[in-house]
Every structure is written in C-alpha cells, then in structure tokens.
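One letter stands for each residue in the lines below.
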Amino acid sequence: MTSKKQNKQSVDLSLRQFIKDLGGIAGGTALLASTPWLQSFTVDKLSELKKEKARLAVIGTGSRGQYHIHNMLDIEHLEIVALCDNYIPNLKDASVLCPKAKTYTDYKKLLESSEIDGVVIATPLNWHAPMVLDALDAGKHVFCEKAMALTMDECKAIYEAYQQTDRVLYFGLQQLFDEKYIKGIQMIHSGLLGDIVGMRCHWFRNHDWRRPVPSPELERKINWRLYWESSGGLMTELGSHQLEICNWAMGQRVPVSVSGMGDIVYWKDGREVYDSVNLVYRYANGVKINYESLISNKFNGMENQILGNRGTAELAQGLYYLEDDDASPAIQQLIAEIRDKVFSAIPAAGPSWRSETKGKYKPYAIVKNTAGVHSGASMIGADADGSDLILSSFAQACITGEKAKNIVEEAYVATILCLLGNQAMAEQKTIYFPEEYRIPYMKF
Ligand SMILES: NC(=O)c1ccc[n+]([C@@H]2O[C@H](COP(=O)([O-])OP(=O)(O)OC[C@H]3O[C@@H](n4cnc5c(N)ncnc54)[C@H](O)[C@@H]3O)[C@@H](O)[C@H]2O)c1
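Presented here is an overview of the structure given in this document.

Calculation notes
Residues numbered from 1 in each chain as written. Predicted model: local features only at pLDDT ≥ 70, side-chain atom pairs only at ≥ 80, totals over all residues. Pairing = 2+ DSSP bridges. Helix = DSSP H or I, 4+ residues; strand = E, 2+ residues; numbered from the N terminus. Core = buried A, V, L, I, M, F, W, Y, C linked by C-beta atoms within 7 Å. Buried ≥ 20, exposed ≤ 12 C-beta atoms within 10 Å, placed from the backbone. Domains from an automatic or database assignment. Right-handed = clockwise from strand over helix to strand, strands pointing away. Axes fitted to C-alpha atoms, helices over the stretch in contact; angles between N-to-C directions. Parallel < 35°, antiparallel > 145°, perpendicular 65-115°, else oblique. Contact = placed C-beta atoms within 7 Å. Nonpolar A, V, L, I, M, F, W, Y, C, P; charged D, E, K, R; others polar.

A few words now on the sheet that holds strand β14 (residues 364-365). Within the open sheet, the 9 strands sit side by side as β14-β13-β12-β11-β7-β10-β9-β8-β15. Their pairing is mixed. In this open sheet, the two strands that pair with only one neighbour each are β14 and β15 (431-432). Alignment of strand β13 (residues 319-322) against β14, held across 2 bridges, turns out to be antiparallel. By the bridge assignment, Tyr320 is partnered in β14 with Tyr364.

Structural data, given as structure tokens:
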C-alpha cells in the first residue's frame, strides 16, 4: 500500500519535472513549434485538473495492453473502469491488475457504457480501424496503439472521421513524449546539424517474433504479427516509429517515393511477413531515408540517425556529434587514436573498412543521464521512453476535451509510408506517393 502511494507521487513528480525541464531548455515558442502536441500539456493546464479523473477502458489486454495498465495505475488523473479482450487468459491477467474494472469480451458492448470517457486500444493492427471508428462513433475519446491501421483506405477513413469529431484521438507514438527525442528534434530544427542531408534508420533483433500457442487453431490469433491479414510486418511494427521520427525531423516534409526489397531470409516457419527489409525513401529535394530491419541478427541494434552537413544525431541513443568539433578535448582524441591503433592491429579489422574520421567524433548527450537507454531489444519495458507520459497526456485531454495538435497527422503519415513501403517491396517497383492519400498537413 505504502509503496503504491510512493510510486504515484514519484510519477506525478516526474511528470511535473518533465514539463519543467522542457520549459527550461525550450523557451516556449521554439519548443512548441517543434512539438505542437505539448501545447495542451503545460503545468497550468495540469493543475487545472484538480481532482478530476478520466474514466478509461482498455481494449486488448495482451502484452502492450497490460504494459499500459501498469503505467495507468500510476497516473492520478485517470481510473481504469473497464477491460475487454476476447482471449480469456489475457482478460483474466488484466483483471488481476485492476479487479474493480468491469470485464467484457465484446468491445461493442463496452462502447455502450455511459460510464466510460475514453478507450485505450491495444489490439492487433487489423482491429485498429474498426475499433477506432466505432469508439469515436460511440462518443468516446480514443488512444490507439500504432500503427494507425492495416490499409491506406482505413487510415484515410480514420483521418476523415477525426476531421468530423470533437473527440480526442491519440496514437501510441511514445517518442512524441520522450524527452530525448523532443530535445533532439528541437536542436535539429534550430540548425545544430546544419541542413539535413540524409537519414539512416535501422532496427535489428535476433528473435523469431513467435509466441507459444496453446492449441493450433489459435496460431493466427496469437501470432497475428506474422500474417498479412492482421499485420504489416516489420514496417508497421517497428518502422512506423522510425519513419515518424524522420518526418518529425524534416518538419512535416514527406518523401515522394519509395523502393525496397523484402524477404524471408531466415525464419522460414510458415510466416508470411518479411524478416528482412531494406528500403529507400526519397524526398523531393533528394534527401533519402535508408531503412533497414532484420530479425535474425542483432549486432547493429536500433538507431535513428539524422545526418546534417554540420553534424549527426543518434536519437535513440540520445547522442549527437559535430562534423568540426574544435571543443573536443585532447584526451578524447588520444582515446580515439588508441582505439584506431587497436583496430589497425587486428588484420580482419584493418584500415580498408575503417572509417577515416569516425574515431575523432565526440559524442554529446542530448539529455543528461539518459544517453544510450534504448537497447533496441523491445519498446516494451524501455526506460523513460514516453509511454507513460503520452497516456498521462491522453487522460488529461479526456478531461479537458482539448485535442492534441498533429498526433493524428504524424501517425497518418508514418503509417501510410510503412504501407507504401510494403507495396514497393511486394510489387518490386518504385511507388510514388499517391494523390488520394495526400492530406493538407503534408509538404512534399
Ligand atoms: N508503441 C509501442 O511501442 C508498441 C509496442 C508493442 C506493441 N504495440 C502495439 O500494440 C498492439 C498490441 O500488441 P501486443 O504485442 O500487445 O499484442 P498481443 O497479441 O499481446 O495483444 C493483443 C490483444 O488483443 C486481443 N484481441 C484481439 N482481437 C480482439 C477483439 N476483436 N476484441 C478484443 N480483444 C481482441 C488479443 O486477444 C490479445 O489479448 C499492436 O498494435 C502493436 O503494434 C505498440
């Protein structure tokens, strides 16, 4: 009991600290220009909430749903009043975490309840569109996990429904509330790296993505990630976060075309989605995103590199490097030289592949004490990655009714790009951004 209370206090404090820290670095206007969704998330607005609580339901109480429940239990301005899952073991597990919540197996029944202000949807991708649209239709505020939806038409339908509704809609792009991304992107927008000349994002893991199945007829339900009917594979599961970061860095500018290759290289176990993807997204000005993901080798981990003519940011690690860094202390250079000598002494790692200047780059942390927190293993359980803060912000928005600027648009752009990437790989040709999926938010 005591530890629960202490926990609540510490979360509340970290939320306030987060806002305070951002105010400190930002000087309001510049920050809000880079992250407009934080406008509804100021200290004053938070204190206006007083003792009000958003009454929320969680639909889909599997892995991510239960992770959200753990975070939600620590947020004072919300209560979990209902749970829904059509797989009883997962519903029961969630019920243990919040025993007072009503349980449902049919989400449509849950949506009929007048005791629910908003829903948190954490179901497989094929369920996002029907559930988001039905929930908005039922007058609920909605937080739905990324990616937005399984098809481009479904994304468009959600975007259009959002134009018509006065309800709040969020998508689970937690990096939008992750301090190192917020500060890193603001630094990029303020010109620290010069002009953006390229981007390189990758996500490598060594894991089959399979889950144990208690009986064969549950294969497609439990391993939904592996089949096209319910998943967009690596692109929607992993790439959606990273493409959103690229678009955010580029300030709403969107690539005009994509080409790529996707294959099942290693996990030939009956799955349909690729376990290896390489894509190039090209902007009208020639800047390119190189995107690569592989789940049978984790040597390279995960990173989102933004390359400028004056420097480079590695946003997942929370680091940046400058091309001409006069401030680099002598000791730093000495270490780099020693490291170079060690590499040169190993025949297989000789100078033929060694980058000429990389050893001299000095890493700077974007946010003190958080550099390198993301191991790349999984978003679930990542430390201080914004997942709790985005839910806190959503609960606040459910109380105030204030829509969060740009979140839906960012999710829309990132998801369409993932789906266009999948199309380019399937058809083995360059795909140009189709007119019918362009929205006014996009700059080309
Ligand atoms: N933002 C992130 O970093 C992040 C991380 C992990 C997962 N996710 C997303 O969260 C979502 C869920 O992923 P997961 O790993 O928790 O999957 P999961 O399979 O563990 O959980 C999904 C749950 O939804 C339930 N479900 C399926 N259809 C349903 C229906 N019609 N009605 C009610 N319940 C239904 C399943 O029974 C299951 O319990 C996916 O969209 C995924 O992309 C996001």
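As a further point, take the nonpolar core. Among the nonpolar cores identified, the biggest contains 113 residues, and Leu56, Ala57 and Ile121 are the most heavily contacted of them. In terms of residues, this core owes the most to one element, helix α14 (residues 407-427), which gives 13 residues. In this structure, this core is formed jointly by two domains, domain 1 (2-176 + 386-408) and domain 2 (192-382 + 414-437), each of which donates at least three residues.

Once that is clear, we can look at the pairing of strand β12 (residues 311-314). Here β12 shows a buried face lined by Gly311 and Ala313 and an unburied face lined by Thr312 and Glu314. With 3 bridges joining them, strand β11 (residues 302-308) and β12 adopt antiparallel strand pairing. In the strand pairing of β12, Gln305 is matched with Glu314. Where β11 folds back onto β12 in an antiparallel hairpin, the turn is made up of 2 residues.

Most peptide bonds adopt trans geometry, and most residues besides glycine take a negative phi value. Ala147 follows Lys146 through a cis peptide bond whose omega is -10°. Tracing the chain through its elements places Ala147 in the loop between β5 (141-144) and α8 (152-164). For Trp209, which is not a glycine, the phi torsion comes out positive at approximately 75°. In the Ramachandran plot, Asn406 falls in the positive-phi region, its phi being about 75° despite a non-glycine side chain.

Here we come to the pairing of β5. The alternating pattern of β5 places His141 and Phe143 on one face and Val142 and Cys144 on the opposite face, and all of these are buried. For the crossover from strand β4 (residues 118-121) across helix α7 (residues 125-137) to β5, the handedness is right-handed. Sheet topology places β5 next to strand β6 (residues 169-171); 3 bridges connect them, and they run parallel. By the bridge assignment for β6, Cys144 is matched with Phe171. Considered for its hand, the β-α-β crossover made up of β5, α8 and β6 is right-handed.

Another point: the packing of α8 against α14. Interhelical geometry of α8 versus α14 gives an angle of 170° and a closest axis separation of 10 Å. Accordingly, the angle class assigned to the pair α8 and α14 is roughly antiparallel. Residues Met152, Cys155, Tyr159 and Tyr162 of α8 form the contact with α14, whose own contacting residues are Val408, Tyr412, Thr415, Ile416 and Leu419. Across the contact of α8 with α14, the residue classes break down as 8 nonpolar, 1 polar and no charged.

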